[in-house]
Amino acid sequence: MSQDNKRPRREDFSGLDRHSRKGKVFTPPLLGVTDNLELHSWSNDRLPDALWSALLGTALPREAALVLLSAVAKTAMQFRDHPEVFPSHSALAAISREQFAAVFHEVIKSDDARRALAPLLLLVNLPDRAHWTEHLSEIPPEEGWNALAQAVAASFDPRSPLAIDMRWLRVMFLGLQHRLLFRKEQDDVVAMLCAYPEGTDVPDWADAMISAMEPTVDIGPDGERPPNWSETFWKECLDKTRCIPARYTPPVHEPDFDYDGAKKRWGEIYAELVKHFFATTSTTGLDAQHDSTFGLALYAMSLVTGLMRPYSTRPSGRHLLRSLAEVHITLAYLAFKDDPATWQMYRAYGNGQAKLAFLKLVESERGDLPRHIDIDVLERLANEDMWQEFVPVDVGNWAGLTVRKMADDAGTKDVYDMFYVWPSGYVHGHWGAVRDSVFDLCANPLHRFHRIPRPMRVDMPDLCFDAVRITNRTLALVDKLYPSFAPRFDETASVRKA
């Protein structure tokens, strides 16, 4: 298993440098185009209304399906005075039997096409079901639902070949009805639509242009979108088909990280760090820099051992990785400032937090105290440097900065970006982390690949590789502040040998 992540293509998304920032909110370029932007989804809203074309596209060879789609598109010229005619299930429900037969003349005379479309009759809420009933035969439910699932799966992605074919039909039908107007300088677009899908000179940009044009098809002259049956369709699919857990398989092999080697090395480094603490101690009085340097480094080491299996592949391990990153950023910032006042400020802030926790607990009206807290130890910590009556309490950040700003100043922004931002979501219970931890995808396309609970995650990417990287950088700070301290984890030896 490789630990190298392949970076996504930058052209597939807008980087932060292209977002506009107002306060703490970054707005992507498309959202900045208009304040009245109304979002509509192909898969959620429009695919169900074009379901018949999806069934044709999955049951027939593409060439045969495209011939039938083209035949339907050409019928639009017969209905230039009848804007109510449109090849969507919602619109087809309102037209006459004769109009329906004219639109689908080539389709309904094909035995293969009628067999492909038979699953439509399983949908009791299909708006134009009465029309289809006259031309289609019943199909065994299991076979029909499987066919519907395959059709939705193949067209769910709006950029899939089948979805582009379906969307072309919607645009072309409207164009041949003379309800879609183009400027003279858009002749190349018209030529593309006419050549697609049977022409040999379809340009590379055809898919992108069709994708951009198709969502406007639903917008009428008054700016309103006609009602469709999408939510009714998805609800019927949910009621009549079952969820299928998609991805979860218990891990078969141990992760590649060499835990035994890392644990042995951890003990050696910890012992060396303690030895170096005593070797560099110059006073038994308060020494904020010395205590903080070694305290943060030893604390980082304690977090590393807590990250070993089984927690390194569980959501809880992300909490520890975030703490490990913040410990490194804090020590890096202290080393960057490297003045007695800042070292003392860090220490005094921690004493104030101990005092705050102590006072909150003793002043609580509840009779029982949390069992994980030793109140006597907490009181001793609050009074350790001086009597707590002389210890102020600061409820902000100890440096008066955000962690991001500290990382910027200390030159550890890379640690912040890579190891702090996303793990913070697991600490705070942000939706992304919750979604990643406890939900799986339903593999049933008729359920829109929705989220369903999964077994407890024990198969997340192992974060021990990243933990030793951060820890080595923390140990390097110890070496910088109190030379010479050479022990490190061997990152290249952390991969288990086959």
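Note that this is a predicted model, so its numbers are computed, not measured.

### Notes on the overall build of the protein chain
Here comes step 1: Each helix and strand in the protein chain was counted, giving 23 helices and four strands.
Here comes step 2: A buried classification covers 40% of the 498 residues belonging to the protein chain.
Here comes step 3: Nonlocal contacts in the protein chain, meaning residues at least 24 apart in sequence, comprise 71% of its contacts between residues at least 6 apart.
Here comes step 4: Carbon together with sulfur atoms contributes 55% to the accessible area of the protein chain, which is approximately 27,600 Å² in total.

### Comments concerning the environment of P140
Here comes step 1: Structurally, P140 is set in the loop between α8 (129-133) and α9 (141-155).
Here comes step 2: Residues P140 and P119, spaced 21 residues apart in sequence, show a C-alpha to C-alpha distance of 8.6 Å.

### Some words on unusual backbone geometry
Here comes step 1: That bond from P483 to S484 is cis: its omega, -5 degrees, falls within 30 degrees of zero.
Here comes step 2: In this structure, D338 is a non-glycine residue whose phi angle is positive, near 45 degrees.
Here comes step 3: Secondary-structure assignment places D338 in the loop between α16 (315-337) and α17 (340-362).

### As for the pattern of salt bridges
Pairing between side chains becomes possible if they bear opposite charge and their charged atoms approach one another.
Here comes step 1: On inspection of all chains with the given rule, the structure shows 24 salt bridges.
Here comes step 2: The salt bridge partner of R115 is D112, with a shortest N-O separation of 2.3 Å. With R115 and D112 both in helix α7 (residues 111-117) and three residues apart, this pair spans about one turn of that helix.
Here comes step 3: Its relative accessible area of 54% is what places R115 among the exposed residues.
Here comes step 4: By relative accessible area, which is 43% here, D112 ends up partly exposed.
Here comes step 5: Between D157 and R159 there is a salt bridge whose closest N-O contact spans 3.6 Å.
Here comes step 6: By relative accessible area, R159 is classed as exposed at 68%.

### Examining the environment of K263
Here comes step 1: Turning to its location among the elements, K263 is positioned in helix α14 (residues 259-280).
Here comes step 2: Separated by 45 residues in the primary sequence, K263 and M308 place their C-alpha atoms 8.4 Å from one another.

### Notes on helix α10 (residues 161-176)
Note: α-helices contain 3.6 residues per turn, so residues at a spacing of three or four share the same orientation.
Here comes step 1: With 16 residues, α10 should reach 22 Å at 1.5 Å per residue; the first-to-last C-alpha distance of 22 Å fits that figure.
Here comes step 2: Across the 16 residues that make up α10, a large majority, 14, are buried.
Here comes step 3: Downstream of α10 by a residue or two, H178 has a phi angle that is positive, lying close to 65 degrees.

### A word on the packing of α14 against helix α23 (residues 464-481)
Here comes step 1: Running from amino to carboxyl end, α14 crosses α23 at an angle of 15 degrees, the nearest separation of the two axes being 13 Å. Comparing their axes, α23 and α14 come out roughly parallel. Crossing geometry of α14 relative to α23 is assigned as left-handed. For the pair formed by α14 and α23, the contact residues are Y259, I269, L273 and H276 on the first element and C464, L475 and V478 on the second.
Here comes step 2: Across the contact of α14 with α23, the residue classes break down as six nonpolar, one polar and no charged.

### Structural notes on the nonpolar core
Here comes step 1: Of all hydrophobic cores here, the largest spans 69 residues; its most connected members are W52, F104 and W132.
Here comes step 2: No other element matches the eleven residues that α10 contributes to this core.
Here comes step 3: Other than its neighbours up to four places away in sequence, W52 contacts L69, V72, P87, H89, F104, L117, L120, W132 and L169.
Here comes step 4: One finds A325, I329, W398 and V403 within the second-largest nonpolar core, a separate group that totals 50 residues.

### Observations concerning the packing of helix α11 (residues 187-195) against helix α12 (residues 206-213)
Here comes step 1: Interhelical geometry of α11 versus α12 gives an angle of 100 degrees and a closest axis separation of 11 Å. By the criterion of interaxial angle, the relationship of α11 to α12 is roughly perpendicular. Counted together, V189, M192 and L193 of α11 and A206, M209, I210 and M213 of α12 form the full contact between these two elements.
Here comes step 2: Among the residues making up the contact of α11 with α12, the classes are represented as seven nonpolar, no polar and no charged.

Scoring rules and cut-offs
- Residues numbered from 1 in each chain as written.
- Predicted model: local features only at pLDDT ≥ 70, side-chain atom pairs only at ≥ 80, totals over all residues.
- Heavy atoms only, no water.
- Helix = DSSP H or I, 4+ residues; strand = E, 2+ residues; numbered from the N terminus.
- Buried < 20%, exposed > 50% of the residue type's maximum accessible area, 1.4 Å probe, protein only.
- Contact = heavy atoms within 4.5 Å.
- Areas by Shrake-Rupley, 256 points an atom, 1.4 Å probe, with all protein chains shown as cover.
- Salt bridge = Lys/Arg side-chain N within 4 Å of Asp/Glu carboxyl O.
- Expected span 1.5 Å × (residues − 1).
- Axes fitted to C-alpha atoms, helices over the stretch in contact; angles between N-to-C directions.
- Parallel < 35°, antiparallel > 145°, perpendicular 65-115°, else oblique.
- Left-handed = near helix turned anticlockwise from the far one by under 90°.
- Nonpolar A, V, L, I, M, F, W, Y, C, P; charged D, E, K, R; others polar.
- Core = buried A, V, L, I, M, F, W, Y, C linked by side-chain atoms within 4.5 Å.

The quantities given are spatial measurements derived from coordinates; they are silent on function.
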